[in-house]
Amino acid sequence: MHEASRHSFHNADIRMSRTSNRGRPGLLGAVIAVSLAAGAVGCTDGETAGATPDWSTGPTELCGGEAVSVEAGEALKVITGSSRFEGSGPEYTVAQAVRPMRERLAFAVVGDGDICRVYGMSASSMEYIEVTWELTGGPPKGEPASKFTVLPVGERALTAPDAAAVQFACRSAKLPGSTPTHIGVGVQRWLPMDPEGDPEKLKDAYATVVHFFALAMAKELRCENDGGLEARPSLDPA
């Protein structure tokens, strides 16, 4: 994605994080381990010696299994066209993302980081869904880019056929300071082609996924009243 297409939560658009080329953590070691195991099995079982390991998982097991509800899992299927997925690694979860966020808040009120990535198994090898967090430093301001629909969720929620974001205010004993911390959670599809499918269904799907990740973040931080987020997303425009 070009730099000009990024938008910050603070300016009421979406900043969906970095164009990092970081690979899937731990994958090489896992491949080596499976290769050795396959070799050992091959001595006694010729039918399994050439088997390709299946790294895929169901959607509700992704990103630690704490943010992808059944409803969000169905939404991921709409987005990717796949029912099987690969995650970015067991260490990429909402719970793990909270740690650097709290460290950042010790000396600043802005910053961002990754939560996890999701790879649809039937999708292009270049395609993945990235989930990120951002400390915005304050409530949203200004108007969002025209492609986004505004939803009545948290301080503000935005959704489009290829991305969505939720910003909420969190008061919690787990966070420093007496004023609310303003947190944004974003979900964005990374692929150099336009998304396929019904734009309205894609908007609803992205809004659903980002809502449950934001809610999981609010619960992990023990935000008062879950940061104002309901148990289920609101998909009707504000």
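Check the entry above for the structure.
Residues numbered from 1 in each chain as written. Predicted model: local features only at pLDDT ≥ 70, side-chain atom pairs only at ≥ 80, totals over all residues. Heavy atoms only, no water.

**Q** Let's hear about the nonpolar core: which residues, and what values?
**A** With 48 residues, the main nonpolar core has Ile115, Phe168, Val185, Phe213, Met217 and Leu221 as its most contacted residues. Elements supplying a minimum of two residues to this core: helix 2 (70-80), helix 3 (94-105), strand 2 (110-120), strand 3 (128-136), strand 6 (163-170), strand 7 (181-190) and helix 4 (199-220). The biggest single contributor to this core is helix 4, with 12 residues. Not counting residues up to four positions away in its chain, the partners in contact with Phe213 are Cys63, Ala67, Val68, Val94, Ile115, Cys116, Val131 and Val185. (Core = buried A, V, L, I, M, F, W, Y, C linked by side-chain atoms within 4.5 Å. Buried < 20%, exposed > 50% of the residue type's maximum accessible area, 1.4 Å probe, protein only. Helix = DSSP H or I, 4+ residues; strand = E, 2+ residues; numbered from the N terminus. Contact = heavy atoms within 4.5 Å.)

**Q** Any details on the pairing of strand 6? Residues and values, ideally.
**A** Along a regular strand, successive side chains alternate from one face of the sheet to the other. Counted residue by residue, strand 6 has seven buried out of eight residues, so it is predominantly covered. The pairing of strand 5 (residues 156-160) with strand 6 spans five bridges and is classified as antiparallel. Within strand 6, the position partnered with Ala157 by the bridge is Val166. Connecting strand 5 to the antiparallel partner strand 6 that follows it, the hairpin turn spans two residues. Examined bridge by bridge, strand 6 and strand 7 share eight bridges and lie antiparallel to one another. Paired with Ala164 across the two strands is Val187, which belongs to strand 7. (Pairing = 2+ DSSP bridges.)

**Q** Account for the pattern of salt bridges, naming residues and giving values.
**A** Going through the model one piece at a time under the given rule, you end up with six salt bridges. Between Lys147 and Asp162 there is a salt bridge; the shortest N-O distance is 3.0 Å. Of this pair, Lys147 sits in the loop between strand 3 and strand 4 (149-151) while Asp162 sits in the loop between strand 5 and strand 6, and the two are 15 residues apart along the sequence. A salt bridge links Lys203 to Glu200; the shortest N-O distance between them is 3.9 Å. Of this pair, Lys203 and Glu200 both sit in helix 4, three residues apart, which is roughly one turn of the helix. The exposure class of Glu200 is partly exposed, given its relative accessible area of 48%. (Salt bridge = Lys/Arg side-chain N within 4 Å of Asp/Glu carboxyl O.)

**Q** An account of helix 4 is requested, with residue identities and associated values reported.
**A** For helix 4, which comprises 22 residues, the first-to-last C-alpha distance of 32 Å matches the rise-based estimate of 32 Å (1.5 Å per residue) to within 8%. For helix 4, a buried count of 16 out of 22 residues is recorded, marking the element as mostly surrounded by other parts of the structure. Its side-chain oxygen 2.8 Å from the backbone nitrogen of Glu200, Asp198 forms the N-cap of helix 4. Downstream of helix 4 by one or two residues, Arg222 has phi in the positive range, about 60 degrees. (Expected span 1.5 Å × (residues − 1). Polar contact = N/O pair within 3.5 Å; in protein donor to acceptor, adjacent residues only side chain to side chain.)

**Q** I'd like a description of the sheet that holds strand 6, backed by residues and values.
**A** The strand order across the open sheet formed by seven strands is 1-2-3-7-6-5-4, and the pairing between neighbours is antiparallel. The open sheet has two edge strands, strand 1 (85-87) and strand 4, and neither has a second partner. Here the strands of the sheet are splayed against their neighbours by 20 degrees on average, with no regard to which way each runs. Across three bridges, strand 1 lies against strand 2 in antiparallel orientation. Considered in strand 2, the bridge of Gly87 is made with Val118. The strands touched by helix 2 are strand 1, strand 2 and strand 3; relative to strand 1, the strand with the most contacts, the crossing angle is about 105 degrees. Its contacts with the sheet put helix 3 on strand 2, strand 3 and strand 7, and the angle it makes with strand 3 is roughly 30 degrees. (Axes fitted to C-alpha atoms, helices over the stretch in contact; angles between N-to-C directions.)

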